Amino acid sequence: MGNNPANVKTVYYFGTCLVDMAYPKAGMAGIKLLQREGVEVIFPREQGCCGQPAYNSGFRQEAKDVAWKQVQIFSGNDYPIVVPSGSCAGMMKFHYLEMFKDDPEYYEVKKFCDRVHELTSFLNTVLKAQYTDKGSPVKLTWHSSCHARREMGCTEDSKALLRQLKNVELVEIEREHECCGFGGTFSIKQPEISAAMVHDKVEDIKSTGTKKFLTGDCGCMMNITGHMGKEKVAIEGQHIAEFILERING
Amino acid sequence: MASNAKFNFKKSITDALADKQLRANFKFATDALRGKRLAVLSDPEETLHLRKVGNAIKRKGLTQLPQLLEKLEAKCQENGIIVHWAETTAEANEIVLGIMEKHSGHKVVKGKSMVSEEMHLNKFLEDKGKLPLETDLGEYIIQLNHEPPSHIIVPAVHKNRKQIAQIFADNIPGVSYTEDTTELLAIARGKLREHYRTADIGLSGVNFAIAESGTLCLVENEGNGRMCTTVPPVHVALMGLEKVVEKLEDVPPLYRLLCGSATGQRITTYFNMIKGPRKAGEKDGPKEVHLVILDNGRSKILADTQLRQTLQCIRCGTCLNHCPVYTRIGGHAYGSTYPGPIGEILMPQVEGLDKKGMLPTASSLCNACEEVCPVMIPIPNLIRRLRDESYDMDDDGIVKGHGYKKNRLETMVWKGWKLTQVNATCNKLMLLGVQIFGNMLPKVGPLKAWTSVRTAPKFARQSLKDLAKKEGIRNE
Amino acid sequence: MSNVNSSRDNIFTRLKANTAASAHVPEVDAWVPAPITDKKERVAKFVELMSAMRTEVHQVKGDEWVAKLQEIMAERGLKNLVYGQGTDISKKLEAAWKGKKDIGPLVPWTQDAEAFRDELFEAGAGITTTMGGIAEAAAMILWPSPEEPRMLSLVPPVHFAVVKADKIWTSFAEAIEALDWSAKSPTNALLISGPSKTADIELILQFGVHGPTDLIVFVVD
């Protein structure tokens, strides 16, 4: 149990569309980790996608409509908005501003953006969560999403949480800085290049000699585990929230 | 241009990815260049400061571009440099040819110039019966092999030593196969020194042109740039009009950024500052110096303050070295003078989205380029902008060829997607659909592309929204 | 040619129209490497960094460099040494070479390049003065002159250069100010940080591709 020094009472949770559809357990784990710090979690069930797929694909107006909807859904209170994805958080924290920079809604959007936090950095730096590892010794590696690293800058927070788990050995991956090739619609618009990238990423993960990799972004996870499945590589991928919850519950 | 019409990006990507040697060569080189950069730009705080300075100098320069160029022209003329203006690459080629013919010149020795690549100058001059000779070692190698550069700083980076040995043996009369780099270097040195001594014209690019003093600055390691600008009787310098800076004091930070980002050096072997032709009493240097200033679409790019940032580029090539796409497909696959991230944003603006609009699709928007760009060009955002203009759904595009991708099907897909994300009922129906049918979708279209190297996504039986409701998580 | 003029006009018409809506540019503190105030340290940095790029640096007192130069000439059997007349160093060179027959001769550059070029391309070495040096990214500053033309530091395979320790500044920016560079620099000005080099084959660093293979610097105190 942490100490929640800032005495945060309530947060909003933005689950992300991919977690909603494919990784709900990871999403629930994030909620439970927040609750464990004595924080009440509100999960507005009207929420949708952050808008990034359209934003990155040339359909800015559609992205903007979706973004504006999210801004409204989370406008009831000024609670922090916690997101179990560096990429979606980056979209909402930085790119909403870019999209609305010439609009009268800018200031309202900006207030929303300022409240956005990536889950692991919120747990580590705001709530100062403390974890006791109850699991058996395990070796694993970490994959950082590009936006977790370069937009939200939360990679070190994720690793700091993992380092609290005394039976977990974190083996750093070579070329950690490099994209796994997901890139949202990039993976289907440039499938050959994306395939080459994910192939190399899987090779780098294999080279760590671990049987498990963790990540804070389910887009990367779906990409990497999808390729591992196809190539029959026996390495498991898991969202960091789900993993931490398992470890501390024993 | 005919060559553009035939350009098939998909095919060149497939071919490049299938070439294992090519991929190995690029991986080796870009890994090394990234490491070298980090060794010089090792202090993150100082690097950020330098990048902010570089960004401010180039941005300010662009806002004052007409004034700076007028000043540059006046000062160069005062110094005895003959200044030419070219709106298009065709005009620039004719200017160079005109200068050569005026001097009955046949042989031109060339220092490295990306603008000359943009002009396809070698092909143009060869067609006119002239002899353009590349002298930068990398350029020399690929000219022997009749190829364009695959990288804007290290043009022969796609070839390894064995391949270069073969190129020398196949193309230089009297040379037998050797993998000894010292021998290869000696062969090139021998050939090229003879050419410098006997060339009619020397040609170069320009890294920075200083407006206040009419000085052309050239950055290089080999000395071929100095040879080309010093030994032949006539020197022709080619520059894109964005290369002008206001004053000498702007140069040291830009020079450091260029060296550090391009090759991981604190300083290059030579920094060559040229202020005009040979003056009375001087014993060497060209008797005539020409400066050809090329527009080729650049002045149009200025109009939009977001797109304008493309012109901040100092051509260091570090975005290529850091791009996970470039490092896998290499420079030639882009079928363009400028490859990699900078090419993805520059080429469509110069040649039109209808011709080069596919280039911005070759990015996962990982932001690696933006993180290292010495003048802080927001490349990912510019890629997004060009993707927007490719569809031009709002009919407000300004880039040439905008809207080339507009199509009903893709638009309908995104409009439908939007509905499921802004309307709670539609969202519920969509989630239900995914839960029931998601795992048995036919593998066609996007899912086919996805599953070519991956298993299909596995959709959950219950969405997070279902779980949250069940667990009694507060819903607002 | 009217066509050329219209190109210029067209370009400027667009440039002026398209920069009208200029964007704000924030002021940023200038980037200036921290000055190394101690001369000894400055010289040491210069020597360290020049040497790291395969320049041979000899630190000498007063006129010792002449003897060292002759020693190197003899050691390497250099064919001759081209120099410029009427410089800081020319008198010393001429005096030292007087009657000297056991090393390559001293060759003054007196003619225009057109007449001298072929001889220069066959030369064994060249020697020049310098305007000084910069320490933090080590390079020498050369301002070629009628006495010491541009090719003297470029064409012969060995380049000897004399740098006065008093004229070593911390940075390029400092040297620009100290030398009043903008106003006073000649037709061609140069920074030279080492022998000619390339990494165009497999990124392997190789020296002596077009210009001098060896750069030998005397830092004179």
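Residues numbered from 1 in each chain as written. Chains lettered and ligands numbered in written order. Predicted model: local features only at pLDDT ≥ 70, side-chain atom pairs only at ≥ 80, totals over all residues. Heavy atoms only, no water.

Regarding its fold elements, chain C presents seven helices and twelve strands. Computed over its C-alpha atoms, the radius of gyration of chain C comes to 21 Å, more than 25% above the 17 Å expected for a compact globule of 221 residues. Principal-axis analysis of the C-alpha atoms gives chain C an extent of 70 × 50 × 40 Å. Here chain C, with 221 residues, has 55% of them falling under the buried criterion. Nonlocal contacts in chain C, meaning residues at least 24 apart in sequence, comprise 75% of its contacts between residues at least 6 apart. For chain C, the accessible surface area stands at approximately 9,400 Å², while carbon and sulfur atoms represent 51% of it. Separation of charge centres in chain C, based on 23 positive and 30 negative side chains, amounts to 3 Å. (Helix = DSSP H or I, 4+ residues; strand = E, 2+ residues; numbered from the N terminus. Rg over C-alpha atoms; globule rule 2.2 N^0.38 Å. Buried < 20%, exposed > 50% of the residue type's maximum accessible area, 1.4 Å probe, protein only. Contact = heavy atoms within 4.5 Å. Areas by Shrake-Rupley, 256 points an atom, 1.4 Å probe, with all protein chains shown as cover. Lys, Arg positive; Asp, Glu negative; His and termini not counted. Charge placed at Lys NZ, Arg CZ, Asp CG, Glu CD.)

Now for the overall build of chain A. When its secondary structure is counted, chain A shows 13 helices and eight strands. Taking 250 residues into account, the globule formula puts the C-alpha radius of gyration at 18 Å, and chain A, at 18 Å, falls close to it. Expressed along its principal axes, the backbone C-alpha trace of chain A runs to roughly 55 × 45 × 25 Å. With 250 residues in all, chain A has 66% of them scored as buried. Look at the contacts in chain A between residues 6 or more apart in sequence, and 78% of them connect residues 24 or more apart. By element, 50% of the accessible surface of chain A is carried by carbon and sulfur atoms, the whole surface being about 8,500 Å². Charged side chains in chain A number 30 positive and 32 negative. The centres of these two groups are separated by 4 Å.

On to the nonpolar core, then. Core analysis: the biggest nonpolar cluster contains 117 residues, and L69 of chain B together with W181 of chain C have the highest contact counts within it. At seven residues, helix α13 (residues 251–263) of chain B tops the list of elements feeding residues into this core. Those residues in contact with W181 of chain C, other than ones at most four positions away along the chain, are L248 and M273 of chain B together with I141, W143, F172, A175, I176, A189 and L191 of chain C. With 60 residues, the next largest nonpolar core counts M28, L127, V202 and A241 of chain A among its residues. (Core = buried A, V, L, I, M, F, W, Y, C linked by side-chain atoms within 4.5 Å.)

On to the pattern of salt bridges, then. One pass over the structure, following the stated rule, counts 65 salt bridges over all chains. Here E203 of chain A makes a salt bridge to K206 of chain A, at a shortest N to O gap of 3.0 Å. Separated by three residues within a single helix, E203 of chain A and K206 of chain A lie in helix α11 (residues 191–207), roughly one turn from each other. Given the relative accessible area of 31%, E203 of chain A is considered partly exposed. Accessibility expressed as a relative area gives 38% for K206 of chain A, which makes it partly exposed. Among the salt bridges present, the one from E351 of chain B reaches K356 of chain B, with a minimum N-O distance of 3.0 Å. (Salt bridge = Lys/Arg side-chain N within 4 Å of Asp/Glu carboxyl O.)

Right, let's get into the packing of helix α4 (residues 60–73) of chain A against helix α6 (residues 106–114) of chain A. Residues and elements named next belong to chain A. Where α4 contacts α6, the axes come no closer than 10 Å and their chain directions differ by 70°. Compared by their axis directions, α4 and α6 come out roughly perpendicular. For α4 against α6, the interelement crossing comes out left-handed. Seen from α4, the contacting residues are W68, Q70 and V71; seen from α6, they are E108, V109 and F112. Its residues placed into classes, the contact of α4 with α6 shows four nonpolar, one polar and one charged. (Axes fitted to C-alpha atoms, helices over the stretch in contact; angles between N-to-C directions. Parallel < 35°, antiparallel > 145°, perpendicular 65-115°, else oblique. Left-handed = near helix turned anticlockwise from the far one by under 90°. Nonpolar A, V, L, I, M, F, W, Y, C, P; charged D, E, K, R; others polar.)

Another point: the packing of aromatic side chains. Taken as a whole, this structure holds 25 aromatic pairs over all chains when the rule is applied. Seen from their ring centres, F182 of chain A and W450 of chain B are 6.1 Å apart, and the 90° between their planes marks the pair as edge-to-face. Here the residue F182 of chain A occupies a position in the loop between β6 (168–171) and α10 (186–189), and W450 of chain B occupies one in helix α23 (residues 446–451), the pair thus bridging two chains. Of the two residues, F182 of chain A and W450 of chain B, both sit in the buried class. Consider the rings of W414 of chain B and W417 of chain B, whose centres lie 5.3 Å apart with planes at 80°: the pair is edge-to-face. Taken as a pair, W414 of chain B and W417 of chain B lie in helix α21 (residues 408–422) at a separation of three residues, close to a single helical turn. Per residue, the accessibility class of W414 of chain B equals that of W417 of chain B, and both read buried. In textbook terms, an aromatic cluster arises when at least three aromatic residues are bridged by ring pairs, as seen for Y12, F14, F74, Y79, Y96 and F112 of chain A. Just above the ring of F7 of chain B sits the side chain of K356 of chain B; from NZ or CZ to the centre is 5.8 Å. (Phe/Tyr/Trp six-rings, centres within 6.5 Å; stacked < 30°, edge-to-face > 60°. Lys NZ or Arg CZ within 6 Å of the ring centre and 35° of its normal.)

All names here are of chain A. In the sheet, strand β7 (residues 212–215) pairs with strand β8 (residues 236–239) via four bridges, with the strands oriented parallel. Bridge pairing in β8 places T215 opposite H239. Once you follow β7 into helix α12 (residues 218–230) and on to β8, the crossover reads as right-handed. (Pairing = 2+ DSSP bridges. Right-handed = clockwise from strand over helix to strand, strands pointing away.)

Right, let's get into the sheet that holds strand β4 (residues 125–129) of chain C. Residue and element names in this part refer to chain C. Read across the open sheet, the six strands follow the order β1-β12-β7-β4-β2-β3; overall the sheet is parallel. Two strands lie at the open edges of the sheet, namely β1 (56–60) and β3 (106–108), each paired on one side alone. On average, each strand axis in the sheet is inclined to that of its neighbour by 25°, with strand direction left out of account. Helix-sheet contacts for helix α4 (residues 90–97) involve β2 (81–83), β3 and β4, and the interaxial angle to β2 is about 145°.

This next bit is on the interface of chain B and chain C. Contacts between chain B and chain C engage 90 residues on the former and 77 residues on the latter. Contact between chain B and chain C buries roughly 7,500 Å² in total, counting both sides, with carbon and sulfur atoms accounting for 57%. One salt bridge in this structure joins E73 of chain B and R8 of chain C, with 2.5 Å as the shortest N-O distance. At the junction of chain B and chain C, the tally comes to 49 residue pairs in polar contact (both at pLDDT 80 or more). A per-class count over the side of chain B that touches chain C returns 40 nonpolar, 21 polar and 29 charged. The pairing of strand β9 (residues 270–274) of chain B with strand β9 (residues 188–192) of chain C spans five bridges and is classified as antiparallel. Each bridged residue has a counterpart across the sheet, and for N272 of chain B the counterpart in β9 of chain C is L190 of chain C. (Buried area = accessible area lost by both parts, 1.4 Å probe. Polar contact = N/O pair within 3.5 Å; in protein donor to acceptor, adjacent residues only side chain to side chain.)

Turning to unusual backbone geometry, a few remarks are in order. Residue and element names in this part refer to chain B. Unlike most non-glycine residues, H120 shows phi in positive territory, near 50°. Structurally, H120 can be placed in the loop between α7 (114–119) and α8 (121–127). Here H120 falls in the partly exposed class, since its relative accessible area comes to 41%. Here the phi dihedral of L365 falls at roughly 55°; this positive angle occurs in a residue that is not glycine. You can see L365 is positioned in the loop between α18 (353–356) and α19 (368–372).

The strand order β8(B)-β5(B)-β6(B)-β9(B)-β9(C)-β6(C)-β5(C)-β8(C) describes an open sheet built from eight strands, whose pairing is mixed. Two strands in the sheet have a free side with no partner beyond their single neighbour: β8 (244–245) of chain B together with β8 (168–169) of chain C. The pairing of strand β5 (residues 208–210) of chain B with strand β6 (residues 215–220) of chain B spans three bridges and is antiparallel. Paired with F208 of chain B across the bridge in β6 of chain B is C217 of chain B.

Next up on the list: the interface of chain A and chain B. At the interface, 77 residues of chain A touch 70 residues of chain B. Of the roughly 6,400 Å² buried between chain A and chain B, counting both surfaces, carbon and sulfur atoms make up 58%. By the criterion of area lost to chain B, the three top residues of chain A are M21, R45 and F59 of chain A, representing 12% of everything that side buries. Linking chain A with chain B are twelve salt bridges, by the criterion used here. With a closest N to O distance of 2.8 Å, D200 of chain A and R328 of chain B form a salt bridge. Seen at the junction of chain A and chain B, the total is 33 residue pairs in polar contact (both at pLDDT 80 or more). For the side of chain A that touches chain B, the leading source of residues is α11 of chain A, giving nine residues. For the side of chain A that touches chain B, the residue count by class is 32 nonpolar, 26 polar and 19 charged.

Residues and elements named next belong to chain A. Domain parsing of chain A yields domain 1 (10–125) and domain 2 (132–249). With centres defined by C-alpha atoms, the gap from domain 1 to domain 2 works out at 22 Å. Counting residues at the interface gives 31 residues for domain 1 and 27 residues for domain 2. Buried area between domain 1 and domain 2, both sides added, is near 2,200 Å², and the carbon and sulfur share of it is 66%. If you look at where domain 1 meets domain 2, you find nine residue pairs in polar contact (both at pLDDT 80 or more). For the side of domain 1 that touches domain 2, the secondary structure elements donating two or more residues are α1 (17–22), α2 (24–36), α3 (52–57), α5 (86–99), β4 (116–118) and α7 (119–126). Of all the elements, α5 adds the most residues to the side of domain 1 that touches domain 2, at eight residues. The class makeup of the residues in the side of domain 1 that touches domain 2 is 14 nonpolar, twelve polar and five charged. (Domains from an automatic or database assignment.)

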